[in-house]
Amino acid sequence: MTTRLTQQFAFLQEIDKLKGILRATAINDGSRPENSGEHSWHIAMYAMVLADQAGSEVEITRVIKMLLIHDIVEIDAGDAPIHSQFDTADQDAKEQRAADRIFNLLPEDQSKEFRALWDEFEAAITPDAIFGKAIDRVQPLLLNLANDGSSWKQYDVRLAQIDSRIGEKVNKGAPWVWAYIREKIKPWFAARGLD
């Protein structure tokens, strides 16, 4: 039991580093960037609150678990903002190495369980992962709307980019949520001639 606790606490101490990974999106008031630890907690809450928007085949507890661990790899791989230019193959390789290292800090049973959840989320094939991916994309939209488009401005984002890079995934996993959110963000882009 001592070895198991040592491994569990090593993992828990390691993932504290997620609080130091800054994201492109600022928090609601625009005063500072959100960190990945805050993001993971916030989207887990999104999933819990928006569970009634998920399909009947979605197990929301599994989705919450996925959302809590999905960005842990950023400790080693860093955040790759969705509207920035980066080598996706290189980023994927970094994330795979990070997943190997970080999840292997846990006892074997938990390591396998957490890694399987992370892999499922990344593949985005199951109903749980599809809904999770949708929810992961919603929160930055609302933060940008609240903080006058901080990262949209930084990356010169147009509504068409939102539709293709974000809208398709959100619509696939939570169509009512996408219809609602798109109507909320559309005026921001229209007012700036970016629609």
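What counts and how
- Residues numbered from 1 in each chain as written.
- Predicted model: local features only at pLDDT ≥ 70, side-chain atom pairs only at ≥ 80, totals over all residues.
- Heavy atoms only, no water.
- Salt bridge = Lys/Arg side-chain N within 4 Å of Asp/Glu carboxyl O.
- Helix = DSSP H or I, 4+ residues; strand = E, 2+ residues; numbered from the N terminus.
- Buried < 20%, exposed > 50% of the residue type's maximum accessible area, 1.4 Å probe, protein only.

Caption draft 1: Looking closely at the pattern of salt bridges. This structure, assessed with the given rule, holds 21 salt bridges. Where Asp79 meets Arg23, a salt bridge forms, and the shortest distance between an N and an O atom there is 3.8 Å. Residue Asp79 is located in the loop between helix H4 (74–77) and helix H5 (88–103), and its partner Arg23 is located in strand E1 (residues 22–26); the two are separated by 56 residues in the primary sequence. Classification of Arg23 by relative accessible area gives buried; the value is 13%. In this structure, Arg62 and Glu120 form a salt bridge, with 2.5 Å as the shortest nitrogen-oxygen distance. A residue pair is termed long-range when its members are at least 10 positions apart, and Arg62 in helix H3 (residues 60–69) and Glu120 in helix H6 (residues 108–123) qualify at 58 residues. The network of salt bridges with shared partners includes Glu14, Lys17, Asp76 and Arg101.

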